[in-house]
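Overview (structure and organization)
The residues making up each chain are set out below.
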Amino acid sequence: MCDNKDECCNQLEAEALHTNEQLLEFNVRSKDIDWRDYVVPKKPRSAPVYLQRQFNLISNYREPIGNHNRRKVLVCHDMMGNYLEDRHYHSSKKYDDYRFYHWSAVDYFCYFSHNYITIPPCGWINAAHKHGVSVLGTFITEGKDGSKRLHDILQSTEMIDNIVDAMVKICKHYHFEGWLINVECKVELDSMENLYYFVNRLREAVEKHVNSGIVFWYDSVIETGSLAWQNELNDKNVRFFKSTHATLINYNWDDKSLEQTRSVCEQERVHSQSVFFGIDIFGRGQIAKFQSKQTLARIVKYRFSTGIFAPGWTYETLQQYGYNIKQLQGDDAVNTTFLLRNDKFWWLLWDHLATHPYIAMPFYTDFCMGSGKRTYVSGLPKSSSDEDGVGKAAAASESFFNLSRQSLQPSVPLYDLATRCYDDAFNGGSCLRITHFDSSFRLFSTDFKLPGGGLVFAYAYKLNPQDGEFDCILRFCTSNNARDCYLFLGDYYDTVSLQRGRCYVSPFKPKYNELLSGPLECSQIPKDMAFPDFQANGWRVRYYVVEFDGGVQVKDIGVLYRKTADAKDSAYLGAVYLNEFNVNQHDFPGDSNIALIQAYGGDLLN
């Protein structure tokens, strides 16, 4: 894909379009590149749940969701003009750059800039798609030049058709899902019908030609053509709402705006989830910043969706506190402080956000956030000579920022539970350092259905014996949903089934690991975790094979770190893997430590 790396990288760099001519002529450097080679298809995702106790693993927590209480989230990323180091496809060295990683609560991600046509960078598309999130570009007309461009478009339906076809072509070429339409200039009254034609035509074309296609309208011009933000849905802008899939309401709304919008939704017989009330995290027009939960709670009360605008506030405002966020090599203090602020910000909001459980198997993550001070492979820093296949000692690989390398991320913010460690990793650029101990907490909300009743599970961890013990925990239920049960996957003398729905499971015997990592038809350990039981820079991998006496559903993956009183360090988690597994298709020795769990016929549910 990269015969001429310098030229290819130049073509892969994201760019905006500035004129109608560029758009109509498809004047982009990457026009001859097949982006299917670079873009991850959008993954399927489950219906979301509301986590009543978002971090407590051992709790009855899921609130059913239907049209009566479904609320969606649009994240609109606008930071310092965008197209910063994130515009590069392959990588920059700025490992501390802004990352978004709380994808499980997000339905739509919009990459926003004040350029005419904003095409999202590939890294953002890939990170979103891995988590099942749809990505929007931005169409914006503002100022004198924007007004002239829009005027030229609205001169005829033929011109509109050509522009719409070009915008759909952009979506299909770069493999993102749609557009946020932001008309922030006055429109002549006699052009208004053509403006309605434009948004209707774009919606219809995106629906027809783009997978999961969607078009948002931003609350801006009204039916007279005046630029007059309404901060609500009313008879002046409702036609735009009906012409697109959803509307993002400008952020200067109040409680009367919420009431007025509810009345319009009832009158039009539409679900309120299609109306996204904006919150500018910088605080323009609303209580925001670390108090954004107060504003979100008002939106939730009326069961509207939310548009979170400029969440990069947690990163951008570090400058106010003396941090230099513009160092191209990255900075440890910037990275650590941003991650702490960012987790706190989203942790405060999470009670009002729906979480999408993971559903696709095999499930694997190494927790990489798409950046690192160096790259690790199977617990060891990758040397700069590895790419050439030379097995000599060499300097560690360089720092990187590449959101295409972001792995699946935890389902909830881990504020006060775990931190991201950039000085060590199992694979990728970082791992989790567990800071909460002696009680379990959730990492992943899941909906893995195992009708055959078998699974294989593995995790990579680092923990000095004198610092404590570590378990991963699977919460599961039987196919008849009788009750929740728990697998504690640690290091035990033997597999023990106890009453009250808890099982304590020992690792698969290391001497038989090759039976798991071989060419099995149904399942196998991923190559990134397939090495014998030895310590690689202190990292170990534990494998577990579990067979139930019937189908089960895995609903959560959590952790429990039992810390000793005199511990000098903490536990680190570097990777997690889960897949269904048919034990009966393989001949395992009797002492291999396969766990046989009587979930239906035994005393586990008693």
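Only a predicted model underlies this, so the values are computations on that prediction, with no experimental measurement involved. For every chain, the first residue of the written sequence is number 1, and numbering continues from 1 along that sequence. Since the coordinates come from a predicted model, pLDDT governs what is reported: local features require at least 70, and pairs of side-chain atoms require 80 or more to be given and counted, while whole-chain, interface and lining totals use all residues. Note that the side-chain values use all heavy atoms of the structure and ignore hydrogens as well as water.

Under the scheme used here, helices are H or I runs from DSSP no shorter than 4 residues and strands are E runs no shorter than 2 residues, and both carry numbers assigned from the N terminus. Looking only at helices and strands, the chain has twelve helices and 28 strands in total. In terms of overall size, the chain behaves like a compact globule, its C-alpha atoms giving a radius of gyration of 26 Å where 606 residues would be expected to give roughly 25 Å. Principal axes of the C-alpha set define a box for the chain whose edges measure 80 × 60 × 50 Å. The buried label applies to any residue whose accessible area, calculated with a 1.4 Å probe on protein chains only, is under 20% of its type's maximum; exposed applies above 50%, and partly exposed to all values in between. Counting only residues that meet the buried cut, the chain has 59% of its 606 residues in that class. Within the chain, contacts between residues at least 6 apart in sequence are counted, and of these 78% link residues at least 24 apart. Positive: Lys, Arg. Negative: Asp, Glu. His and the chain ends are not part of the count. Charge positions are represented by NZ for Lys, CZ for Arg, CG for Asp and CD for Glu. A gap of 4 Å separates the mean positions of the 64 positive and 74 negative side-chain charges of the chain. C-alpha atoms define the radius of gyration in this analysis, and the globule rule sets the expected value at 2.2 Å times the number of residues to the power 0.38. Any two residues whose heavy atoms approach within 4.5 Å at even a single point are treated as in contact.

This part covers the packing of helix α9 (residues 292-301) against helix α11 (residues 332-349). Helix axes use the C-alpha atoms of the stretch in contact, all axes being lines fitted to C-alpha atoms, and the angles between their N-to-C directions lie in the range 0 to 180 degrees. Viewed as axis vectors pointing N to C, α9 and α11 meet at an angle of 30°, and their least axial separation amounts to 9 Å. As far as their axial angle goes, α11 and α9 are roughly parallel. Of the two elements, α9 crosses α11, and the hand of that crossing is right-handed. Judged by residue contacts, S292, K293 and L296 of α9 engage F345, L348 and L349 from α11. All residues other than Ala, Val, Leu, Ile, Met, Phe, Trp, Tyr, Cys, Pro, Asp, Glu, Lys and Arg, Gly among them, are scored as polar; the first ten of these are nonpolar and the last four charged. Taken together, the residues that form the contact of α9 with α11 break down as four nonpolar, one polar and one charged. In what follows, roughly perpendicular refers to angles from 65 to 115 degrees, roughly parallel to angles under 35, roughly antiparallel to angles over 145, and oblique to any angle outside these ranges. Each crossing is labelled by how the near helix is turned from the far one, with a counterclockwise turn of less than a right angle marking it left-handed and a clockwise turn marking it right-handed.

Interhelical geometry of helix α5 (residues 157-174) versus helix α6 (residues 192-209) gives an angle of 35° and a closest axis separation of 9 Å. Between α5 and α6 lies a crossing of right-handed hand. On α6, the residues that touch T157, I160, D161, I163, V164, D165, M167, V168 and K172 of α5 are N194, Y197, F198, R201, L202, A205, V206 and H209. Of the residues belonging to the contact of α5 with α6, the class tally is ten nonpolar, three polar and four charged.

In this section: the side chain of E232. For E232, the position within the fold is in the loop between β8 (214-218) and α7 (238-243). Pairs of N or O atoms within 3.5 Å make up the polar contacts considered here, provided that, within protein, one atom can donate a hydrogen while the other can accept it, and that residues adjacent in sequence are counted only when both atoms are side-chain atoms. A polar contact of 3.0 Å, which involves the side chain of E232, links it to the side chain of N234. Apart from residues lying up to four places away in sequence, E232 is in contact with D219, N237, I249, K256, S257, Q260 and T261.

What follows deals with the nonpolar core. What makes a nonpolar core is a set of buried Ala, Val, Leu, Ile, Met, Phe, Trp, Tyr and Cys residues whose side-chain atoms join them at distances within 4.5 Å. Ranked by size, the top nonpolar core spans 150 residues in total, and within it F198, F457 and F470 carry the most contacts. Here this core takes ten residues from α5, the largest share from any one element. In this view, F470 contacts I434, Y459, Y461, L463, L489, G490, R542, V559, L560, Y561, A571 and L573; residues no more than four positions away in its chain are not counted. Membership of the second largest hydrophobic core comes to 21 residues, among which are Y512, V541, Y572 and V583.

It is worth spelling out the sheet that holds strand β24 (residues 502-505) at this point. When DSSP finds two or more bridges between a pair of strands, those strands are recorded as paired. Strand order in the open sheet made by the six strands is β19-β26-β21-β22-β24-β23, with mixed pairing throughout. In this open sheet, the two strands that pair with only one neighbour each are β19 (441-450) and β23 (496-498). Within the sheet, the average angular offset between the axes of one strand and its neighbour, ignoring direction, is 20°. Summarising the sheet, strand β22 (residues 484-489) and β24 pair through four bridges and their orientation is parallel. Within β24, the residue paired with F488 across the bridge is Y504.

Let us now look at the confidence of the model for the chain. Keep in mind that low pLDDT regions are not for reading the predicted coordinates in detail. pLDDT is defined as a per-residue confidence score from the predictor, taking values between 0 and 100. With 92% of its residues at a pLDDT of 70 or more, the chain shows a mean pLDDT of 91. Contacts for the low-pLDDT stretch residues 387-395, under 50 throughout, to residues beyond four places or in other chains number ten contacts. Counted against residues more than four places away or in other chains, residues 519-523, with its pLDDT under 50, gives eleven contacts.

Counting buried positions along β8 yields five of five residues, so the element is predominantly enclosed. The side-chain alternation of β8 yields two buried faces, one formed by I214, F216 and Y218 and the other by V215 and W217. Pairing analysis gives four bridges linking strand β7 (residues 178-184) to β8, with the strands arranged parallel. Looking at the pairing, G178 lines up with I214 of β8. Crossovers are described as right-handed under a simple rule: with the strands pointing away from the observer, the path leading from the first strand over the helix to the second runs clockwise. The β-α-β motif built from β7, the intervening α6 and the parallel element β8 has right-handed crossover chirality.

Two residues of an α-helix separated by three or four positions point the same way, owing to the 3.6 residues in each turn. Inspection of helix α4 (residues 143-153) places G146, R149, L150 and I153 among the buried residues, and these make up the whole buried set. On an axial view of α4, the arc spanned by its buried residues comes to 95°, and they lie on one face. Residues of α4 that are buried in the fold lie against α2 (20-24), β6 (134-142), α5 and β7. As used here, the arc belongs to the directions running from the helix axis to the C-beta atoms.

Before going further, it helps to examine unusual backbone geometry. The linkage connecting M361 with the following residue, P362, adopts the cis geometry, with an omega of 5°. Positive phi, close to 50°, is recorded for F26, a residue that is not glycine. Here F26 lies in the loop between α2 and β1 (50-51). Located in the positive-phi region is N82, a residue other than glycine, with phi close to 60°. Inspection of the secondary structure assignment puts N82 in the loop between β3 (73-77) and β4 (108-111). Assessed through its relative accessible area of 5%, N82 is described here as buried.

Geometry of aromatic contacts follows a simple scheme: Phe, Tyr and Trp rings, the Trp one being its six-membered ring, pair when their centres are within 6.5 Å, and the pair is stacked under 30 degrees between planes, edge-to-face over 60, tilted otherwise. Taken as a whole and assessed by the stated rule, the structure comprises 46 aromatic pairs. Each ring, one from W35 and one from Y174, has its centre 5.4 Å from the other, and the planes form 45°; the classification is tilted. With a gap of 139 residues between them, W35 in the loop between α2 and β1 and Y174 in helix α5 connect regions that are remote in the sequence. Summarising the burial analysis for this pair, W35 and Y174 share the class buried. Linked through ring pairs, Y98, F100, W103, F109, W124, F290, W313, Y315, F338, F345 and W346 together constitute an aromatic cluster. Above the face of the W313 ring, R341 is positioned so that its terminal group lies 4.9 Å from the ring centre. Across from the ring centre of F400, 3.6 Å away, lies the NZ or CZ of R405, which sits over that ring. Any Lys NZ or Arg CZ found within 6 Å of a ring centre and within 35 degrees of that ring's normal is scored as a charge over the ring.

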